[in-house]
Amino acid sequence: MGTIVKLTPSQVKFSAAKNKTILESALESNVVLEYSCKNGSCGMCESLLLAGEVSDKQERVYKAGERILTCQCKPGSDEIVIEAEYYPELAELTKKIVPCKVSSTSTVADEYMVIKFRLPPTASFAFLPGQYINLHYQGVVRSYSIANAAVSEGIELHIRQVANGVMSSLLFNELAVNTLMRLEGPLGTFFVRDDDRPIIFLAGGTGFAPVKAMVEKLIEQNSKREIHIYWGMNSGSDFYSNLPIEWATKHENIHYVPVVSGEDSQWSGRRGFVHKAVMEDFDNLSAFAVYACGSPIMIEAARADFVKNGLSGKHFFSDAFTVSK
């Protein structure tokens, strides 16, 4: 017999198997809780245990009043109650594995590649801008954020070349138009929430990909929300897209700040950690919603500093990239 898991404040209930994590059982029941990496490194699935017991993979037991990671913890009692967000918008989407063919590739800024895929007309693949997919190719699986807003355009991915990376080596050295692959998705809970708060998008490296998708959707919706895009790279030559400049030129409500963190004698713009640039520009973040995508280190630093600067934790949304070889 499984454990009954009750979510608050939504009062949604589902059954969780004792040999599976709470997140696994939730997703199998089509109850979408907040998550990203699924391996315990990003912290996005952290929730407050209000009743019952759970245990993690190291067999540590957690009791009511403690914070847990739903991607790491399994039920330890017949009933548990957790404080966690539930996203009905995502429950309507069906995760599936579909074939896809490469329609175009372009290498930009030396170590970045933009790949566009076309899907079969019968695929019926739907997603929310900001979500990611798992790309399957020659027995290798890697996660990449979707970089476009509309499935009618196919699927666009932004990929950085990783030293000795198995997948990136395959893609950068062997990829050709019409190459057949498979993608699995949609995945993740990174999408723009429907409210009127001004938005700060924080991107590190190819963390620009889901930001691009979300901004495209906001433009399509003719949103009047103030949009501030901060994109951090190691050098000025790494910025592989001019779209943020175009958006800021065409739309009065969109503002763009590129930030370089490394040594670059040719760069005359903002320098330092990208999230520090946000703090330099805004004395108080209490009125904002922040969407951050990049390394776990960047995201955790941003979350901690932004909350100190007035941001409500419930208005900080993120998707952490974990680099796999």
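Residues numbered from 1 in each chain as written. Predicted model: local features only at pLDDT ≥ 70, side-chain atom pairs only at ≥ 80, totals over all residues. Heavy atoms only, no water.

Trainee: Is there a simple way to explain the overall build of the protein in this structure?
Mentor: Looking only at helices and strands, the protein features seven helices and 20 strands. For a compact globule of 325 residues, the expected C-alpha radius of gyration is about 20 Å, and the protein comes in at 20 Å, within 12% of that figure. The dimensions of the protein, computed from C-alpha atoms along their principal axes, are 60 × 50 × 40 Å. In the protein, which comprises 325 residues, the share counted as buried stands at 52%. Summing over all exposed atoms, the protein offers an accessible surface of approximately 15100 Å²; the carbon and sulfur share of this is 48%. If you average the places of the 32 positive and of the 37 negative side-chain charges in the protein, the two averages end up 5 Å apart. (Helix = DSSP H or I, 4+ residues; strand = E, 2+ residues; numbered from the N terminus. Rg over C-alpha atoms; globule rule 2.2 N^0.38 Å. Buried < 20%, exposed > 50% of the residue type's maximum accessible area, 1.4 Å probe, protein only. Areas by Shrake-Rupley, 256 points an atom, 1.4 Å probe, with all protein chains shown as cover. Lys, Arg positive; Asp, Glu negative; His and termini not counted. Charge placed at Lys NZ, Arg CZ, Asp CG, Glu CD.)

Trainee: Help me understand the pairing of strand 11 (residues 132–137), please; the structure alone is not making it clear to me.
Mentor: Buried residues dominate strand 11, accounting for six of its six residues. Burial of the side chains of strand 11 extends over both faces: Tyr-132, Asn-134 and His-136 are buried on one face and Ile-133, Leu-135 and Tyr-137 on the other. One ladder, built from six bridges, connects strand 11 with strand 12 (residues 140–145); its direction is antiparallel. In the sheet register, Tyr-137 faces strand 12, and the bridge partner there is Val-140. Joining the antiparallel neighbours strand 11 and strand 12 is a turn of two residues, in which Gln-138 adopts a positive phi near 50°. By the bridge criterion, four bridges tie strand 11 to strand 14 (residues 180–187) in an arrangement that is antiparallel. Residue pairing in the sheet places His-136 in a bridge with Arg-182 of strand 14. (Pairing = 2+ DSSP bridges.)

Trainee: When you look at unusual backbone geometry in this model, what are you seeing that I'm missing?
Mentor: Where the residue is not glycine, phi is negative for most of them; where a peptide bond is considered, it is trans in most cases. A cis amide bond links Thr-8 to the next residue, Pro-9, at an omega of 15°. Along the chain, Pro-9 turns up in the loop between strand 1 (3–8) and strand 2 (13–16). Phi angles above zero are rare outside glycine, and Asp-110 is one such case at about 70°. Its location among the elements puts Asp-110 in the loop between strand 9 (96–108) and strand 10 (112–118).

Trainee: Where do I start with the UniProt feature "domain: FAD-binding FR-type" (unreviewed entry) in the protein in this structure?
Mentor: If you check UniProt for "domain: FAD-binding FR-type" (unreviewed entry), the listed places come out as residues 95–193 in our numbering. The annotated region residues 95–193 carries 9% helix and 46% strand content, and the separation between its end C-alpha atoms amounts to 20 Å. (UniProt positions renumbered as here; feature names shortened; annotations may be inferred.)

Trainee: I keep staring at empty space enclosed by the protein and nothing clicks. Help me out?
Mentor: If a probe the size of a water molecule is rolled over the atoms, the empty space left behind becomes visible. Applying the stated criterion to the full structure yields one cavity of 30 Å³ or more. In terms of lining, the largest cavity is formed by Tyr-35, Ser-36, Cys-37, Lys-38, Gly-40, Ser-41, Cys-42, Gly-43, Cys-45, Leu-69 and Cys-71. Among the residues forming the lining of the largest cavity, the class breakdown is six nonpolar, four polar and one charged. (1 Å grid on protein atoms, 1.4 Å probe; cavity = no way out; pocket = protein on both sides within 12 Å on 5 of 7 lines; lining within 4 Å. Points joined across faces, edges and corners; volume = space filled by probe spheres on them. Nonpolar A, V, L, I, M, F, W, Y, C, P; charged D, E, K, R; others polar.)

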